[in-house]
Amino acid sequence: MWPAKADSKTTDNRRAGIRASFGGSSTQIWKSRLSWRIALAVFLTILTVQVAILSVNIGEVRKTHLIQLVEEGRSSIVPLINKGFSSQPFTNDDQVREMQNLTRISGIAIYATIDGQLLKSYGQPTVARVTRDPETGYIRLPQNYYSNDGSFYDALLTPKSMGGAPSYIVLKLESKDIELKVQAYIEQTILIMLLMSAFVTTVLMIALGHWLLEPILFMRDNLVRASEDPENPHVRESHYDPSDEIGSAIEISSRLIKQNADNIRRIKSAAEDQIHKLAYYDTLTGLPNRTLFIQKLNEMTKAEGNAPDKKFAVIAMDLDHFKDINDSMGHNIGDAILRAVGKRLRAALPEAAVVARSGEDEFAVTMALTKDINNARDIAERVAGVIRSEPFKVFSETFQIRSSVGVSTFPTDGLDPDQVLKNADIALNRAKEEGRDTIKEYSEDFDRAVQQRFQILRDLRDAMEQDQLLLHFQPQFDLKTGRMIGAESLIRWWKPDKSKEGGHFIPPVDFIPIAEQSGLIVPIGEWVLRTACEAAADWQKRGFDMRIAVNVSGAQFFKSDIVALTDQILRETGLKPSNLELEVTESIFMEDISHAITTLQNLHALGVEIAIDDFGTGYSSLSYLRQFPIDRLKIDQSFIRNALNNPDDAAIARTIVRLGHSLNLKVIAEGVETADHEAFLMSEECDEVQGYRYSRPIPLEEINTLAANYDGKLSSFDKAG
Ligand code: C2E
Ligand code: MG
Ligand code: MG
């Protein structure tokens, strides 16, 4: 199954949505989640780095301000110092107080350098103090002290820093504004940091958008388009530089999409070819099948329409008895023969001819008639000739195959291709009916014959309901003893009409084949078997030791349960099974040989006898004869009729008698019309006879009379004859 171009409306809309939001324009970048993630990560990274730097800087800034503060205090105090003082550090205390008011010095403590003694203090007391170790007498100088709330800073000024004053001075300095300054510094720095981060992020976003996201979205858009219609993807051409990573990724993805589309198209077309092959070609022979043949015929008729004087031939050919070969030799051999037939036909006919396998063992040919080959029959002869010309060799076996061929011509025999082919088929059926191995050209009469068949079938159905069917009986005799051993039942159809006689007989050959083809033979056959058995049961009661022979068609063998029916009728009528003989023809072995054998065995098991009717005319299954449970061979009347003037027929009759005897079978001859026939059969030691010499098939009452009056001598028929 190929993906539908549009699965559903919703999927379509969703895809359209995806395409709209990732159109690749730079404004879309701000909607991209990936961009935001990158931006946030960058922003936070810059911020973290700056916070780290800031936290280091704060200490430095504070320190710088405190140094400035101390320097300010020192420079304010140094000019006031009494340089050579011993007990009076400042020349003037008032100056000191004034200086205190003007500067940020809130307290001063002055210590002697010799012993660390507090000499004098002004203003607020300092926390940092110079002390003296009482044990060692060493002076301990304090560290500068910064109050916890940052409101003051006590700083020690050494004599050196004051240009050689003979004292240590600890200044108490007001430092409240330093913390304010540090605060301001922090705020300012944070603002700058934020602005900088935002700026960097923006620039980065734009750069990312341009170099990374836009191409990714472009690629994604192409992939979405490709997934919508993989076979014909509307991929946009890339304008990105293929030498960078993303540009080459886009190029590769586009190439893959195109390759995928190519592959799909290739697979699809291969599948289409395959499907086309399966739908239009016969896998065994590789020839066009019936469908393609009709299509070609259509094309030809249309093309011929433009050139009205053109004609072409349609040939339908069927291999004779192919089914028999297939069933008896196996399908491998059958298939090999069909292939060989296909090859021979193809090789024997011109390139322009269409040769098709139109059915199981049927082939069809069509070809335009030209100046060289202007007769459809010539082509038919070539077809039949090519099959007959030499035997088919398969697995070191040879098979001589014949064919039946039907011919029709366009436009003479039909204007539409179906009709021309149908007419070729009708002609083919005719060829088969007329004993196969023949060529038949279509004639309108065939159509009429088909219509007639339909009429007969309709009438035959009525005949069954209106009791127009009856049985006649033809006696059979033992040639040696002259005894009347039984009779064959033969169906008669008395069709009422408006004639003087009130009706006429329709011969069985005119309706039995039609009944067989339509399946109507099954109910007819059932009626025949029951009526015949009833008659024979009546003979049994009257004390006539006579067998009844009943004809059974192949169709009854294969389309109904003849065994169950026979069993049931024997029980119903009380007829002794050995007094019933079923006559079958060799044709039943052609349909399904194993089914035929089983059925015959089951019938035989009932005690019923089996005769092979018209023996010698069928497609010989002599090799199988031994396997069949049969009791009697019935020599076909054609051999008897001609035995006296045709040595071949006499030889066949003789051979059948010998063959039968060698297999322990009885042999009966039918169509015995004259005493000469009788004499011939007697000399050949044939066992039984039946024919006009003794009696035509007659109604039940008449055969009853005959049986009652017959003196047991065949010579008694001399006078009658
Ligand atoms: P078949 O079974 O071979 O029957 C023998 C045919 O030869 C009969 O023709 C019979 O009338 C004819 N016949 C007998 N003796 C002579 C003779 O000395 N000379 C000539 N020229 N003909 C003779 P019929 O009755 O027309 O039957 C024709 C065929 O119809 C039968 O051939 C049989 O195949 C079929 N048929 C007849 N009745 C039935 C039936 O009840 N069921 C089936 N399935 N087929 C039947
Ligand atoms: Mg018969
Ligand atoms: Mg016969």
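Placed above this text is the structure.
Note that the structure is predicted; figures quoted are calculated from it, not measured. (Residues numbered from 1 in each chain as written. Chains lettered and ligands numbered in written order. Predicted model: local features only at pLDDT ≥ 70, side-chain atom pairs only at ≥ 80, totals over all residues. Heavy atoms only, no water.)

## Comments concerning unusual backbone geometry
For clarity, the threshold we go by: In this text, helices come from DSSP runs of H or I with a minimum length of four residues, and strands from runs of E with a minimum of two, each type numbered from the N-terminal end. Remark: exposure states derive from per-residue accessible area (1.4 Å probe, protein chains only) relative to the maximum for the residue type, with buried under 20%, exposed over 50%, and partly exposed in between.
With an omega dihedral of 5°, the bond running from Phe-410 to Pro-411 counts as a cis peptide bond. Assignment of secondary structure puts Pro-411 in the loop between strand S13 (403–410) and helix H10 (417–433). The backbone of Phe-395 shows a phi angle near 45°, a positive value even though the residue is not glycine. Along the chain, the position of Phe-395 falls in the loop between strand S11 (392–394) and strand S12 (397–399). Phe-395 gets classed as exposed once you look at its relative accessible area, which sits at 57%. In this structure, Asp-614 is a non-glycine residue whose phi angle is positive, near 50°. Its place among the elements puts Asp-614 in strand S20 (residues 609–615).

## With respect to helix H17 (residues 593–606)
Threshold: Expected helix span is taken as 1.5 Å per residue step, with the number of steps being one fewer than the number of residues. Think of it as the arc spanned by the lines of direction from the helix axis to the C-beta atoms. By definition, residues are in contact when any of their heavy atoms lie within 4.5 Å.
Helix length check: H17 (14 residues) gives 20 Å between terminal C-alpha atoms against 20 Å at 1.5 Å per residue, within 8%. Listing the buried residues of H17 in full gives Ile-593, Ala-596, Ile-597, Thr-599, Leu-600 and Leu-603. In a view along the axis of H17, the buried residues occupy a sector of 165°, so they form one face of it. Tucked into the core, H17 has its buried residues touching helix H14 (554–559), helix H15 (562–573), strand S19 (580–584), helix H16 (588–591) and S20.

## Considering the nonpolar core
Convention followed: Put simply, buried Ala, Val, Leu, Ile, Met, Phe, Trp, Tyr and Cys residues joined by side-chain atoms within 4.5 Å make one nonpolar core.
Ranked by size, the top nonpolar core spans 81 residues in total, and within it Leu-460, Ile-548, Leu-580, Leu-582 and Leu-681 carry the most contacts. Of all the elements, helix H13 (residues 521–542) adds the most residues to this core, at 10 residues. Not counting residues up to four positions away in its chain, the partners in contact with Leu-460 are Leu-469, Trp-493, Phe-511, Ala-515, Leu-520 and Ile-524. Ranked by size, the runner-up nonpolar core spans 36 residues in total, among them Leu-287, Leu-338, Leu-349 and Val-355.

## Side note on the coordination of the magnesium ion (ligand 2)
For clarity, the cut-off: Counted as donors are the N, O and S atoms within 2.8 Å of the metal, or 3.2 Å for Na, K and Ca, while water is not among the atoms, so some sites may look incomplete.
Within the first shell, the magnesium ion (ligand 2) binds the protein through Glu-488 (OE), Asn-551 (OD1), Glu-583 (OE) and Asp-613 (OD), at distances of 2.0 to 2.3 Å. Between consecutive donors of the magnesium ion (ligand 2), the numbers of intervening residues give the motif E-x62-N-x31-E-x29-D. In this model, the magnesium ion (ligand 2) sits 4.1 Å from the magnesium ion (ligand 3), the two metals being bridged by Asp-613. Taken together, the residues span a long stretch of sequence, with Glu-488 in strand S16 (residues 484–496) and Asn-551 in strand S18 (residues 547–551) at a distance of 63 residues.

## A look at the coordination of the magnesium ion (ligand 3)
At this site the magnesium ion (ligand 3) is bound by Asp-613 (OD), Asp-614 (OD) and Glu-670 (OE), with donor distances of 1.9 to 2.5 Å. In terms of primary sequence, the donors binding the magnesium ion (ligand 3) are separated according to D-D-x55-E.

## Some points on the packing of aromatic side chains
Centre-to-centre distance and the angle between the planes together describe a pair of aromatic rings. Stated precisely, the cut-off is as follows: Pairs were defined over the aromatic rings of Phe, Tyr and Trp, the Trp ring being its six-membered one, requiring ring centres within 6.5 Å. Orientation was assigned from the angle between planes: stacked under 30 degrees, edge-to-face over 60, tilted for the rest. Counting as a charge over the ring demands two things of the Lys NZ or Arg CZ atom: a distance within 6 Å of the ring centre and an angle within 35 degrees of the ring normal.
Scanning the model with the defined rule gives 14 aromatic pairs in all. Between Tyr-694 and Phe-717, the ring centres sit 5.4 Å apart and the planes meet at 85°, which makes this aromatic pair edge-to-face. A residue pair is termed long-range when its members are at least 10 positions apart, and Tyr-694 in the loop between strand S23 (688–690) and helix H21 (700–709) and Phe-717 in helix H22 (residues 716–720) qualify at 23 residues. Comparing Tyr-694 with Phe-717 shows no difference in burial state: the two are buried. Linked through ring pairs, Phe-477, Tyr-694, Tyr-710 and Phe-717 together constitute an aromatic cluster. We note Arg-696 situated over the ring of Tyr-692; from NZ or CZ to the ring centre the distance is 3.9 Å.

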